[in-house]
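# Structural characterization, general
For reference, the chains in residue letters:
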Amino acid sequence: MTRERDFPELLERVTPECLRIIARYEEKRSALLMLAHVFQEHEGFVSPEAVLAISEMVGITPAETEGTISFYTLLYRRPVGKYMLQPCRGLACAINGAEDAMAYFREKLGTSNLETTLDGLVSYEEVECLAACDRAPCMQVNLEFVYDLSPAKIDELLAGIRAGTYPVKAMAQTDPPGRTWEIRQDDQVSTGRKAPGATGVESPNNAGGVGDKSGTIMLDKIINRDVEFFRETRERAVLDSRAVVESVEEGREEAEHARH
Ligand code: FES
């Protein structure tokens, strides 16, 4: 399917469904995300043409549509692979081995974060908390959850995708994906269009996970250095970890005394 030629046909085909969705909401604009999913399902991503069509349907500007869509890793703004693999790099997953799982994915796929395999089959993106922290480390495959990741589970998943037997349906792929949809730091940060990464993290694309350490930097700061914050919080993860740090420090001091 060539999008330029076929988008008007697609629009005609999905318009009745879009209108049914819009009719469910008191405010038309509330249907925005649902409509984006409709177009993504047909095109494999939310194309610029889809952004214009959605904006017109719900009566907002394309900038507003773009601003909303770009907030979610559930919606893809560039052509991606038939399978989008999105392991979580949030704190609960990081503590439970997400870094190892992500390193394993990168090795097995031959990609970095925000890259698509050369055959266009798989795109890979490390994402923020997926709200399944009790089954960490977890991920989504074409938005379907996979829990309790392990190397064996990852092997099985990739083998299934490559063999065409994986139980989650492949996404539409109307345009060939590029190798990456990364926002280049050089172009964007130096011109002030994009803020650099979190404190201690160089890349604006990395808020946490393998290759960047913002999650662990934050935890380290809370537990070891930011005593003011530590006094204010009642978070068990922080208090318990701090208690461990204090008991280790006490043990060190006692050993020091005993030596003198
Ligand atoms: S931190 Fe991974 S699901 Fe919440």
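Parameters at a glance
- Throughout, residues of each chain are indexed from 1 in the direction in which the sequence is written.
- With pLDDT at 70 or above as the cut-off, local features in this predicted model cover only qualifying residues; side-chain atom pairs require 80 or more to be listed or tallied, and sums for whole chains, interfaces and linings still use all residues.
- Here a helix means four or more residues in a row that DSSP labels H or I, a strand means two or more in a row labelled E, and each is numbered from the N terminus.
- Put simply, a residue is buried when 20 or more other C-beta atoms lie within 10 Å of its own C-beta and exposed when 12 or fewer do; between those, it is partly exposed, and each C-beta is set from the backbone.
- In this description, a residue-residue contact is defined by the distance between C-beta atoms placed from the backbone, which must lie within 7 Å.
- Think of a nonpolar core as buried Ala, Val, Leu, Ile, Met, Phe, Trp, Tyr and Cys residues, each tied to the set through C-beta atoms within 7 Å.
- As annotated, the domain borders come from an automatic or database domain assignment.
- In short, DSSP must find at least two bridges between two strands for them to pair.
- To obtain an axis, a line is fitted to C-alpha atoms, over the contacting stretch when the element is a helix, and the angle between two such axes runs from 0 to 180 degrees between their N-to-C directions.
- The sense of a crossing depends on the near helix, which, turned anticlockwise from the far helix by less than a right angle, makes the crossing left-handed and, turned clockwise, makes it right-handed.
- Any residue outside Ala, Val, Leu, Ile, Met, Phe, Trp, Tyr, Cys, Pro, Asp, Glu, Lys and Arg is labelled polar, Gly included; the first ten of those are nonpolar and the last four are charged.
- Across the chain, bend at a residue is computed as the angle between axes fitted to the seven residues ending at that point and the seven starting from it.

Turning our attention to the overall build of the chain. The secondary structure content of the chain amounts to 11 helices and 5 strands. Burial status across the chain gives 28% buried among its 260 residues. Of the contacts made within the chain by residues no fewer than 6 positions apart, 57% connect residues no fewer than 24 positions apart.

In this structure, Leu35, Ala36, Val46, Ile54, Leu85, Cys88 and Cys138 are the most contacted members of the largest nonpolar core, which totals 39 residues. Elements supplying a minimum of two residues to this core: helix 2 (32–43), helix 3 (48–58), strand 1 (83–87), helix 5 (91–95), helix 6 (98–109), strand 3 (122–124) and helix 7 (151–163). The leading source of residues in this core is helix 3, at 6 residues. Residues from two domains meet in this core; each of domain 1 (3–69) and domain 2 (83–163) gives at least three. Contacts of Ala36, omitting those with residues within four sequence positions, involve Val46, Ile54, Ile69 and Leu75.

Cis geometry is found at the peptide bond from Ala136 to Pro137, where omega equals -5°. Relative to the assigned elements, Pro137 resides in the loop between strand 3 and strand 4 (139–141). Even without being glycine, Asn142 reaches a positive phi, approximately 45°. Along the chain, Asn142 turns up in the loop between strand 4 and strand 5 (144–146). Phi at Leu143 takes a positive value of approximately 75°, unusual for a residue other than glycine.

Here the focus is the pairing of strand 1. Most of strand 1 is tucked away, with 5 of its 5 residues classed as buried. Neither face of strand 1 is left uncovered, since the one carrying Tyr83, Leu85 and Pro87 and the one carrying Met84 and Gln86 both have all their residues buried. With 3 bridges connecting them, strand 1 and strand 4 associate as antiparallel partners. Bridging across to strand 4, Pro87 finds its partner in Met139.

Right, let's talk about the packing of helix 1 (residues 3–23) against helix 3 for a bit. One can describe the packing of helix 1 onto helix 3 by two numbers: an axis separation of 11 Å at closest approach and a directional angle of 35°. Where helix 1 crosses over helix 3, the handedness of that crossing is right-handed. Here helix 1 contributes Arg3, Phe7, Leu11, Cys18 and Ile22 to the contact with helix 3, which in turn contributes Glu49, Ala53, Met57 and Val58.

So, on to the sheet that holds strand 1. Within the open sheet, the 5 strands sit side by side as 2-3-1-4-5. Their pairing is mixed. Bordering the open sheet on either side are strand 2 (115–116) and strand 5, each of which pairs with just one other strand.

Another aspect to go through is the environment of Ala101. In this structure, Ala101 sits in helix 6. Since 26 C-beta atoms lie within 10 Å of it, Ala101 is described here as buried. Taking the C-alpha atoms as reference points, Ala101 and Cys138, separated by 37 residues in sequence, lie 9.3 Å from one another. Ala101 has contacts with Pro87, Pro137, Leu149 and Ile154, leaving out every residue within four places of it along the chain.

Another point: the packing of helix 6 against helix 7. Pairs of packed helices are described in terms of their axes, by the angle between the two and the distance that separates them. Taken N-terminus to C-terminus, the directions of helix 6 and helix 7 make an angle of 35°; their axes are 10 Å apart at the nearest point. As for how helix 6 packs across helix 7, the hand of that crossing is right-handed. Counted together, Ala101, Tyr104, Phe105 and Lys108 of helix 6 and Pro151, Ile154 and Leu158 of helix 7 form the full contact between these two elements. For the contact of helix 6 with helix 7, the class distribution of residues is 6 nonpolar, no polar and 1 charged.

Bringing the environment of Arg29 into the picture now. Tracing the backbone shows Arg29 in the loop between helix 1 and helix 2. Residue Arg29 is classed as partly exposed on the basis of its 16 C-beta neighbours within 10 Å. Between the alpha carbons of Arg29 and Met57 there is a distance of 8.6 Å; along the sequence they are 28 residues apart. With residues up to four places along the chain from it excluded, the contact list for Arg29 reads Val58, Gly59 and Ile60.

A word on helix 1. At Val14, helix 1 is deflected by roughly 45°, the largest bend along its length, and proline Pro16 occurs up to four residues later in sequence. Among the residues of helix 1, those classed as buried are Phe7, Leu10 and Ile21.

Its location among the elements puts Gly120 in the loop between strand 2 and strand 3. Classification of Gly120 by C-beta neighbours within 10 Å gives partly exposed; the count is 17. Here Gly120 is in contact with Gly81, Gln173, Pro176 and Pro177, once residues within four sequence places are set aside.

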